[in-house]
Amino acid sequence: MTPVDKDWIAIVAFTIIILAMPWWLQPLGAAYPDLMQKFAIYGIFALGFNLLFGLTGYLSFGHAAFLGVGSYAAVWSFKLFTMNIIPAVLFAMLIAGVLAVVIGFISLRRSGIYFSILTLALAQMCYNLAYSVLTPITNGETGLRVLRDDPRYLDAAFGAEHQGVLLGTLFGERMVGYPGFYLCAVLLIIAFYIALRIMRSPYGMMLRAIKSNQNRMIYTGFNPRPYMLTIFIISGMYAGLAGALLAITDPLAGAERMQWTASGEVVLMTILGGAGTISGPILGAAIIKYFENIFSALNDSALASAFSFLPHSVQEFVVTILSPFVGEGWHLTLGLLFMVIVIFLPGGIMEGIRRTYRFLRGHDRRSKAQTDLQAAE
(Lines give C-alpha, C1' and ligand atoms only; values in the text may rest on other atoms or scores of the structure.)
Protein backbone atom coordinates (compact mmCIF):
# COMPACT_ATOMS: atom_id res chain seq x y z
CA MET A 1 0.00 0.00 0.00
CA THR A 2 1.44 3.37 -1.03
CA PRO A 3 1.55 6.41 1.31
CA VAL A 4 -1.11 8.09 -0.85
CA ASP A 5 -3.43 5.12 -0.36
CA LYS A 6 -2.84 5.23 3.40
CA ASP A 7 -3.64 8.95 3.45
CA TRP A 8 -6.92 8.41 1.62
CA ILE A 9 -7.84 5.60 4.00
CA ALA A 10 -7.08 7.93 6.92
CA ILE A 11 -9.26 10.68 5.39
CA VAL A 12 -12.19 8.32 4.77
CA ALA A 13 -11.92 6.82 8.27
CA PHE A 14 -11.69 10.27 9.83
CA THR A 15 -14.74 11.44 7.86
CA ILE A 16 -16.81 8.47 9.02
CA ILE A 17 -15.76 8.93 12.65
CA ILE A 18 -16.59 12.65 12.67
CA LEU A 19 -19.93 12.39 10.88
CA ALA A 20 -20.97 9.46 13.11
CA MET A 21 -20.27 11.35 16.35
CA PRO A 22 -24.00 11.61 17.31
CA TRP A 23 -24.11 7.79 17.48
CA TRP A 24 -20.84 6.71 19.06
CA LEU A 25 -20.83 9.56 21.59
CA GLN A 26 -24.25 8.50 22.89
CA PRO A 27 -22.89 5.93 25.41
CA LEU A 28 -20.43 8.56 26.70
CA GLY A 29 -23.22 11.03 27.39
CA ALA A 30 -21.75 13.61 25.00
CA ALA A 31 -24.09 13.39 22.00
CA TYR A 32 -25.33 16.96 22.37
CA PRO A 33 -25.15 19.21 19.28
CA ASP A 34 -23.67 22.14 21.21
CA LEU A 35 -20.96 19.97 22.75
CA MET A 36 -20.15 18.22 19.46
CA GLN A 37 -19.82 21.67 17.88
CA LYS A 38 -17.19 22.49 20.50
CA PHE A 39 -15.35 19.25 19.76
CA ALA A 40 -15.17 20.17 16.07
CA ILE A 41 -14.39 23.87 16.56
CA TYR A 42 -11.59 23.37 19.05
CA GLY A 43 -10.35 20.47 16.95
CA ILE A 44 -9.83 22.96 14.10
CA PHE A 45 -8.13 25.36 16.52
CA ALA A 46 -5.75 22.66 17.80
CA LEU A 47 -5.13 21.32 14.29
CA GLY A 48 -3.97 24.73 13.10
CA PHE A 49 -1.81 25.28 16.18
CA ASN A 50 -0.19 21.88 15.59
CA LEU A 51 0.87 22.92 12.08
CA LEU A 52 3.07 25.55 13.72
CA PHE A 53 4.18 23.84 16.92
CA GLY A 54 4.18 20.21 15.79
CA LEU A 55 6.02 20.77 12.51
CA THR A 56 8.45 23.57 13.40
CA GLY A 57 8.77 23.34 17.19
CA TYR A 58 7.89 27.05 17.58
CA LEU A 59 5.66 27.27 20.66
CA SER A 60 3.17 30.14 20.46
CA PHE A 61 1.47 31.34 23.64
CA GLY A 62 -0.65 33.88 21.77
CA HIS A 63 -2.84 31.91 19.39
CA ALA A 64 -5.99 32.96 21.21
CA ALA A 65 -5.58 36.41 19.64
CA PHE A 66 -6.50 34.93 16.25
CA LEU A 67 -9.42 33.02 17.79
CA GLY A 68 -10.83 36.23 19.28
CA VAL A 69 -10.23 38.32 16.17
CA GLY A 70 -12.00 35.68 14.07
CA SER A 71 -15.03 35.90 16.36
CA TYR A 72 -15.12 39.70 16.21
CA ALA A 73 -14.76 39.70 12.42
CA ALA A 74 -17.59 37.18 11.99
CA VAL A 75 -19.95 39.17 14.22
CA TRP A 76 -19.12 42.39 12.33
CA SER A 77 -19.87 40.57 9.09
CA PHE A 78 -23.29 39.67 10.50
CA LYS A 79 -23.87 43.24 11.64
CA LEU A 80 -22.74 45.04 8.48
CA PHE A 81 -23.38 42.66 5.60
CA THR A 82 -25.52 39.56 5.99
CA MET A 83 -26.43 36.72 8.33
CA ASN A 84 -25.11 34.29 5.70
CA ILE A 85 -22.15 32.50 7.20
CA ILE A 86 -19.98 32.31 4.07
CA PRO A 87 -18.91 36.00 4.09
CA ALA A 88 -18.44 35.74 7.87
CA VAL A 89 -16.06 32.79 7.58
CA LEU A 90 -14.04 34.36 4.76
CA PHE A 91 -13.87 37.73 6.50
CA ALA A 92 -12.77 36.13 9.78
CA MET A 93 -10.01 34.10 8.12
CA LEU A 94 -8.83 37.18 6.20
CA ILE A 95 -8.63 39.40 9.29
CA ALA A 96 -6.95 36.63 11.31
CA GLY A 97 -4.44 36.14 8.49
CA VAL A 98 -3.62 39.87 8.43
CA LEU A 99 -3.09 39.90 12.19
CA ALA A 100 -0.92 36.78 11.86
CA VAL A 101 1.27 38.62 9.32
CA VAL A 102 1.85 41.43 11.83
CA ILE A 103 2.45 39.24 14.87
CA GLY A 104 4.49 36.68 12.92
CA PHE A 105 6.68 39.34 11.30
CA ILE A 106 7.60 40.65 14.77
CA SER A 107 7.76 37.38 16.71
CA LEU A 108 9.68 35.29 14.19
CA ARG A 109 12.71 37.52 14.57
CA ARG A 110 13.40 35.40 17.64
CA SER A 111 13.16 31.68 18.39
CA GLY A 112 12.77 29.48 21.42
CA ILE A 113 11.43 30.97 24.62
CA TYR A 114 11.86 34.49 23.25
CA PHE A 115 9.43 33.72 20.43
CA SER A 116 6.94 32.31 22.94
CA ILE A 117 7.17 35.37 25.18
CA LEU A 118 6.74 37.72 22.21
CA THR A 119 3.58 35.94 21.05
CA LEU A 120 2.22 35.99 24.60
CA ALA A 121 2.94 39.70 25.00
CA LEU A 122 1.40 40.64 21.65
CA ALA A 123 -1.70 38.53 22.31
CA GLN A 124 -2.17 40.15 25.72
CA MET A 125 -1.84 43.53 24.04
CA CYS A 126 -4.68 42.55 21.70
CA TYR A 127 -6.72 41.37 24.70
CA ASN A 128 -6.23 44.63 26.58
CA LEU A 129 -6.90 46.71 23.47
CA ALA A 130 -10.20 44.87 23.03
CA TYR A 131 -11.13 45.80 26.60
CA SER A 132 -10.07 49.45 26.45
CA VAL A 133 -8.93 51.39 23.38
CA LEU A 134 -10.96 49.40 20.84
CA THR A 135 -14.18 49.46 22.84
CA PRO A 136 -16.11 51.15 19.97
CA ILE A 137 -15.26 48.09 17.84
CA THR A 138 -15.36 45.32 20.45
CA ASN A 139 -17.94 46.74 22.90
CA GLY A 140 -15.48 46.14 25.74
CA GLU A 141 -16.30 43.71 28.53
CA THR A 142 -19.97 43.53 27.49
CA GLY A 143 -19.04 41.77 24.27
CA LEU A 144 -20.10 42.30 20.68
CA ARG A 145 -23.46 40.87 19.70
CA VAL A 146 -25.76 40.89 16.69
CA LEU A 147 -28.69 43.31 17.10
CA ARG A 148 -31.93 43.55 15.16
CA ASP A 149 -31.34 47.20 14.23
CA ASP A 150 -27.91 46.50 12.65
CA PRO A 151 -27.74 47.70 9.01
CA ARG A 152 -26.93 44.36 7.27
CA TYR A 153 -26.63 46.07 3.90
CA LEU A 154 -26.58 42.91 1.76
CA ASP A 155 -29.65 41.46 3.44
CA ALA A 156 -31.42 44.80 3.05
CA ALA A 157 -30.48 45.03 -0.63
CA PHE A 158 -31.88 41.57 -1.38
CA GLY A 159 -34.89 41.94 0.89
CA ALA A 160 -33.87 39.11 3.24
CA GLU A 161 -35.76 39.04 6.54
CA HIS A 162 -34.88 37.18 9.72
CA GLN A 163 -37.50 36.06 12.20
CA GLY A 164 -36.89 35.18 15.83
CA VAL A 165 -33.38 34.96 17.26
CA LEU A 166 -30.71 36.21 14.86
CA LEU A 167 -28.45 33.30 13.95
CA GLY A 168 -26.10 32.57 11.07
CA THR A 169 -27.71 30.88 8.09
CA LEU A 170 -26.55 28.78 5.15
CA PHE A 171 -28.90 28.44 2.16
CA GLY A 172 -31.75 29.47 4.45
CA GLU A 173 -30.90 26.88 7.14
CA ARG A 174 -30.19 28.30 10.60
CA MET A 175 -26.90 27.04 11.99
CA VAL A 176 -28.19 25.79 15.30
CA GLY A 177 -28.44 22.27 16.67
CA TYR A 178 -27.47 19.46 14.31
CA PRO A 179 -27.14 21.69 11.20
CA GLY A 180 -24.60 23.75 13.15
CA PHE A 181 -22.75 20.61 14.18
CA TYR A 182 -22.57 19.21 10.67
CA LEU A 183 -21.31 22.56 9.39
CA CYS A 184 -18.48 22.46 11.93
CA ALA A 185 -17.87 18.76 11.18
CA VAL A 186 -17.55 19.31 7.43
CA LEU A 187 -15.16 22.23 7.96
CA LEU A 188 -13.12 20.08 10.38
CA ILE A 189 -12.84 17.37 7.71
CA ILE A 190 -11.71 19.95 5.14
CA ALA A 191 -9.21 21.40 7.63
CA PHE A 192 -7.94 17.88 8.35
CA TYR A 193 -7.43 17.19 4.65
CA ILE A 194 -5.54 20.47 4.10
CA ALA A 195 -3.35 19.86 7.15
CA LEU A 196 -2.56 16.35 5.94
CA ARG A 197 -1.59 17.65 2.50
CA ILE A 198 0.68 20.27 4.10
CA MET A 199 2.37 17.68 6.31
CA ARG A 200 2.96 15.30 3.38
CA SER A 201 4.18 17.99 0.97
CA PRO A 202 7.79 19.12 0.33
CA TYR A 203 6.83 22.29 2.19
CA GLY A 204 5.97 20.17 5.23
CA MET A 205 9.33 18.41 4.95
CA MET A 206 10.98 21.84 4.92
CA LEU A 207 9.18 22.76 8.13
CA ARG A 208 10.36 19.53 9.76
CA ALA A 209 13.89 20.37 8.69
CA ILE A 210 13.53 23.74 10.46
CA LYS A 211 12.51 21.89 13.62
CA SER A 212 15.35 19.41 13.26
CA ASN A 213 18.23 21.82 12.63
CA GLN A 214 17.48 25.35 11.52
CA ASN A 215 21.14 26.45 11.57
CA ARG A 216 22.12 23.69 9.17
CA MET A 217 19.40 24.88 6.76
CA ILE A 218 20.79 28.41 6.90
CA TYR A 219 24.31 27.14 6.21
CA THR A 220 23.09 25.31 3.10
CA GLY A 221 21.62 28.53 1.72
CA PHE A 222 17.96 28.27 2.72
CA ASN A 223 16.22 31.19 4.36
CA PRO A 224 13.70 29.65 6.81
CA ARG A 225 11.86 32.88 7.68
CA PRO A 226 9.48 32.92 4.66
CA TYR A 227 8.53 29.30 5.39
CA MET A 228 7.98 30.10 9.06
CA LEU A 229 5.91 33.20 8.35
CA THR A 230 3.74 31.30 5.87
CA ILE A 231 2.93 28.48 8.29
CA PHE A 232 2.33 31.05 11.05
CA ILE A 233 -0.24 32.77 8.83
CA ILE A 234 -1.89 29.46 7.92
CA SER A 235 -2.04 28.51 11.59
CA GLY A 236 -3.55 31.89 12.44
CA MET A 237 -6.20 31.47 9.74
CA TYR A 238 -7.15 28.08 11.21
CA ALA A 239 -7.66 29.84 14.55
CA GLY A 240 -9.65 32.57 12.80
CA LEU A 241 -11.90 29.91 11.26
CA ALA A 242 -12.47 28.39 14.71
CA GLY A 243 -13.32 31.83 16.09
CA ALA A 244 -15.79 32.43 13.26
CA LEU A 245 -17.52 29.12 14.00
CA LEU A 246 -17.82 30.06 17.66
CA ALA A 247 -19.57 33.27 16.57
CA ILE A 248 -21.75 31.43 14.05
CA THR A 249 -23.07 28.91 16.57
CA ASP A 250 -23.45 31.69 19.17
CA PRO A 251 -23.48 35.23 17.64
CA LEU A 252 -21.46 36.83 20.43
CA ALA A 253 -17.80 37.81 20.58
CA GLY A 254 -15.99 38.69 23.79
CA ALA A 255 -12.41 39.55 24.68
CA GLU A 256 -12.17 36.54 27.00
CA ARG A 257 -11.57 34.39 23.91
CA MET A 258 -8.27 36.29 23.45
CA GLN A 259 -7.01 35.75 26.99
CA TRP A 260 -3.76 33.88 27.65
CA THR A 261 -5.66 31.00 29.27
CA ALA A 262 -7.26 30.19 25.89
CA SER A 263 -3.78 30.09 24.34
CA GLY A 264 -2.60 27.77 27.11
CA GLU A 265 -5.60 25.52 26.56
CA VAL A 266 -4.73 24.84 22.92
CA VAL A 267 -1.15 24.03 23.98
CA LEU A 268 -2.51 21.45 26.44
CA MET A 269 -4.79 19.99 23.74
CA THR A 270 -1.90 19.53 21.33
CA ILE A 271 0.56 18.05 23.83
CA LEU A 272 -2.09 15.79 25.36
CA GLY A 273 -3.10 14.31 22.02
CA GLY A 274 0.36 14.28 20.44
CA ALA A 275 2.22 17.20 18.89
CA GLY A 276 3.29 16.61 15.31
CA THR A 277 0.59 14.01 14.66
CA ILE A 278 -2.37 14.70 12.40
CA SER A 279 -5.19 13.48 14.64
CA GLY A 280 -3.63 13.83 18.11
CA PRO A 281 -4.52 17.51 18.65
CA ILE A 282 -8.15 16.83 17.66
CA LEU A 283 -8.28 13.98 20.17
CA GLY A 284 -6.73 16.21 22.84
CA ALA A 285 -9.28 18.95 22.16
CA ALA A 286 -12.15 16.47 22.47
CA ILE A 287 -10.81 15.08 25.77
CA ILE A 288 -10.39 18.51 27.37
CA LYS A 289 -13.82 19.70 26.25
CA TYR A 290 -15.34 16.42 27.47
CA PHE A 291 -13.77 16.94 30.89
CA GLU A 292 -14.90 20.57 30.93
CA ASN A 293 -18.53 19.89 30.00
CA ILE A 294 -19.37 16.29 31.04
CA PHE A 295 -16.86 15.13 33.63
CA SER A 296 -17.23 18.39 35.53
CA ALA A 297 -20.96 17.73 35.95
CA LEU A 298 -20.46 14.47 37.88
CA ASN A 299 -21.24 14.53 41.60
CA ASP A 300 -21.44 12.14 44.54
CA SER A 301 -24.87 10.92 43.46
CA ALA A 302 -23.57 10.00 40.00
CA LEU A 303 -20.60 8.17 41.54
CA ALA A 304 -22.87 6.31 43.95
CA SER A 305 -25.07 5.24 41.04
CA ALA A 306 -22.02 4.12 39.02
CA PHE A 307 -20.72 1.94 41.90
CA SER A 308 -24.10 0.74 43.13
CA PHE A 309 -23.07 -2.88 42.43
CA LEU A 310 -20.58 -2.74 45.33
CA PRO A 311 -21.43 -3.41 48.98
CA HIS A 312 -22.66 -0.29 50.74
CA SER A 313 -19.57 0.23 52.90
CA VAL A 314 -17.21 -0.28 49.93
CA GLN A 315 -19.38 1.99 47.79
CA GLU A 316 -19.14 4.83 50.33
CA PHE A 317 -15.36 4.38 50.56
CA VAL A 318 -14.92 4.50 46.75
CA VAL A 319 -17.18 7.56 46.44
CA THR A 320 -15.25 9.35 49.20
CA ILE A 321 -11.93 8.65 47.45
CA LEU A 322 -13.09 9.65 43.98
CA SER A 323 -15.30 12.65 44.79
CA PRO A 324 -12.39 15.18 44.91
CA PHE A 325 -11.49 14.21 41.32
CA VAL A 326 -14.88 14.85 39.70
CA GLY A 327 -17.26 17.77 39.54
CA GLU A 328 -15.46 20.94 40.56
CA GLY A 329 -12.26 18.90 40.93
CA TRP A 330 -12.10 17.90 37.26
CA HIS A 331 -9.01 20.07 36.81
CA LEU A 332 -7.21 17.79 39.28
CA THR A 333 -8.01 14.72 37.19
CA LEU A 334 -6.99 16.47 33.99
CA GLY A 335 -3.74 17.63 35.63
CA LEU A 336 -2.91 14.09 36.72
CA LEU A 337 -3.66 12.79 33.24
CA PHE A 338 -1.44 15.47 31.73
CA MET A 339 1.41 14.56 34.13
CA VAL A 340 1.15 10.88 33.18
CA ILE A 341 1.21 11.76 29.49
CA VAL A 342 4.21 14.07 29.78
CA ILE A 343 6.23 11.66 31.96
CA PHE A 344 5.46 8.32 30.34
CA LEU A 345 4.19 9.25 26.86
CA PRO A 346 6.01 12.39 25.64
CA GLY A 347 4.43 11.84 22.23
CA GLY A 348 0.94 12.14 23.70
CA ILE A 349 -1.96 9.73 23.58
CA MET A 350 -1.17 8.90 19.96
CA GLU A 351 2.20 7.54 21.07
CA GLY A 352 0.39 5.27 23.53
CA ILE A 353 -1.86 4.05 20.72
CA ARG A 354 1.16 3.37 18.50
CA ARG A 355 2.95 1.49 21.28
CA THR A 356 -0.11 -0.64 21.94
CA TYR A 357 -0.49 -1.39 18.22
CA ARG A 358 3.20 -2.39 17.89
CA PHE A 359 2.96 -4.58 21.01
CA LEU A 360 -0.13 -6.39 19.76
CA ARG A 361 1.33 -6.76 16.29
CA GLY A 362 4.57 -8.14 17.72
CA HIS A 363 2.60 -10.51 19.97
CA ASP A 364 0.67 -11.81 16.95
CA ARG A 365 3.91 -12.34 15.03
CA ARG A 366 5.47 -14.21 17.95
CA SER A 367 2.38 -16.38 18.30
CA LYS A 368 2.36 -17.12 14.56
CA ALA A 369 6.08 -17.98 14.60
CA GLN A 370 5.58 -20.28 17.58
CA THR A 371 2.63 -21.99 15.85
CA ASP A 372 4.66 -22.48 12.67
CA LEU A 373 7.53 -23.93 14.69
CA GLN A 374 5.25 -26.37 16.45
CA ALA A 375 3.72 -27.40 13.13
CA ALA A 376 7.20 -27.97 11.66
CA GLU A 377 8.15 -30.17 14.60
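Up top is the structure these notes are about.
Residues numbered from 1 in each chain as written. Predicted model: local features only at pLDDT ≥ 70, side-chain atom pairs only at ≥ 80, totals over all residues. Heavy atoms only, no water.

Formed by 106 residues in total, the largest nonpolar core has its most connected members in Ile44 and Leu245. At 15 residues, helix 3 (residues 33-56) tops the list of elements feeding residues into this core. Those residues in contact with Leu245 that lie beyond four places of it in its chain are Ile41, Ile44, Leu183, Cys184 and Leu187. (Core = buried A, V, L, I, M, F, W, Y, C linked by side-chain atoms within 4.5 Å. Buried < 20%, exposed > 50% of the residue type's maximum accessible area, 1.4 Å probe, protein only. Helix = DSSP H or I, 4+ residues; strand = E, 2+ residues; numbered from the N terminus. Contact = heavy atoms within 4.5 Å.)

Let's shift gears to the environment of Gly335. Looking at the secondary structure, you find Gly335 in helix 16 (residues 330-344). Put simply, Gly335 and Pro202 are 133 residues apart on the chain and 37 Å apart in space, counted from C-alpha to C-alpha.

Here helix 1 (residues 3-19) spans 24 Å end to end across 17 residues, near enough to the 24 Å set by a 1.5 Å rise per residue. On its buried face, helix 1 sits against helix 2 (21-24), helix 9 (178-200) and helix 13 (280-293). (Expected span 1.5 Å × (residues − 1).)

Our next topic: the side chain of Ser235. Checked against the element boundaries, Ser235 lands in helix 11 (residues 224-249). Of the residues examined, Ser235 reaches a relative accessible area of 0% and is grouped as buried. For Ser235, the side chain forms a polar contact with the main-chain oxygen of Gly48, separated by 2.7 Å. Here Ser235 is in contact with Gly48, Phe49, Leu52 and His63, once residues within four sequence places are set aside. (Polar contact = N/O pair within 3.5 Å; in protein donor to acceptor, adjacent residues only side chain to side chain.)

Take the packing of helix 12 (residues 260-273) against helix 16 next. As a packed pair, helix 12 and helix 16 sit with axes 9 Å apart at the nearest point and diverge in direction by 50 degrees. Here helix 16 runs oblique to helix 12, going by the angle between their axes. Where helix 12 crosses over helix 16, the handedness of that crossing is left-handed. In this structure, helix 12 uses Leu268, Ile271 and Leu272 to contact helix 16, whose residues at the interface are Leu334, Leu337, Phe338, Ile341 and Val342. Taken together, the residues of the contact of helix 12 with helix 16 break down into 8 nonpolar, no polar and no charged. (Axes fitted to C-alpha atoms, helices over the stretch in contact; angles between N-to-C directions. Parallel < 35°, antiparallel > 145°, perpendicular 65-115°, else oblique. Left-handed = near helix turned anticlockwise from the far one by under 90°. Nonpolar A, V, L, I, M, F, W, Y, C, P; charged D, E, K, R; others polar.)

Per the stated rule, a full pass over the model turns up 13 aromatic pairs. Note on Phe81 and Phe91: the rings are 6.4 Å apart at their centroids and 90 degrees apart in plane angle, and the pair reads as edge-to-face. Separated by 10 residues along the polypeptide, Phe81 in the loop between helix 4 (64-80) and helix 5 (85-107) and Phe91 in helix 5 bring together distant segments of the chain. Following the ring pairs from residue to residue traces out a cluster consisting of Tyr58, Phe66, Phe115 and Phe232. The lysine or arginine in question, Arg225, covers the ring of Phe105, its NZ or CZ lying 5.7 Å from the ring centre. (Phe/Tyr/Trp six-rings, centres within 6.5 Å; stacked < 30°, edge-to-face > 60°. Lys NZ or Arg CZ within 6 Å of the ring centre and 35° of its normal.)

Next up on the list: the packing of helix 3 against helix 13. It is at 8 Å that the axes of helix 3 and helix 13 come closest, and there the two elements cross at 140 degrees. Between helix 3 and helix 13, the angle falls in the class oblique. Here helix 3 runs over helix 13; the crossing is right-handed. On the side of helix 3, the interface is formed by Leu35, Lys38, Phe39, Tyr42, Gly43, Ala46, Leu47 and Asn50, while helix 13 contributes Pro281, Ile282, Ala285, Ala286, Lys289, Tyr290 and Asn293. Considered class by class, the residues forming the contact of helix 3 with helix 13 number 10 nonpolar, 3 polar and 2 charged.

Relative to the 26 Å expected for 18 residues at 1.5 Å per residue, helix 10 (residues 202-219) spans just 19 Å between its end C-alpha atoms, considerably shorter than the ideal helical length. Residue Asn213 marks the point of greatest curvature in helix 10, where the axis turns by about 115 degrees. Residues of helix 10 that are buried include every one of Tyr203, Gly204, Met206, Leu207, Ile210 and Met217, and no others. Buried residues along helix 10 sit in contact with helix 3, helix 9 and helix 11. Note on helix 10: the residue one or two positions beyond its end, Gly221, has a positive phi of about 105 degrees. (Bend = angle between axes of the 7 residues up to and from the residue.)

Right, let's talk about the pattern of salt bridges for a bit. For the structure shown, the criterion picks out 7 salt bridges. Across the pair Asp7 and Arg197 runs a salt bridge, and its minimum N-O distance is 3.6 Å. Here Asp7, found in helix 1, pairs with Arg197, found in helix 9; they are 190 residues apart in sequence, far enough to count as distant. Residue classification places Arg197 among the partly exposed positions, given a relative accessible area of 35%. For Arg200, the salt bridge is made with Asp7, and the minimal N-O distance between the two is 3.0 Å. Here the residue Arg200 occupies a position in helix 9, and Asp7 occupies one in helix 1, the gap between them amounting to 193 residues. (Salt bridge = Lys/Arg side-chain N within 4 Å of Asp/Glu carboxyl O.)

Next up on the list: the environment of Leu170. Tracing the backbone through its elements, the reader meets Leu170 in strand 2 (residues 169-170). Taking the C-alpha atoms as reference, Leu170 lies 37 Å from Ser107; in sequence the two are 63 residues apart. Leu170 has contacts with Ile85, Ile86, Met175 and Leu183, leaving out every residue within four places of it along the chain.

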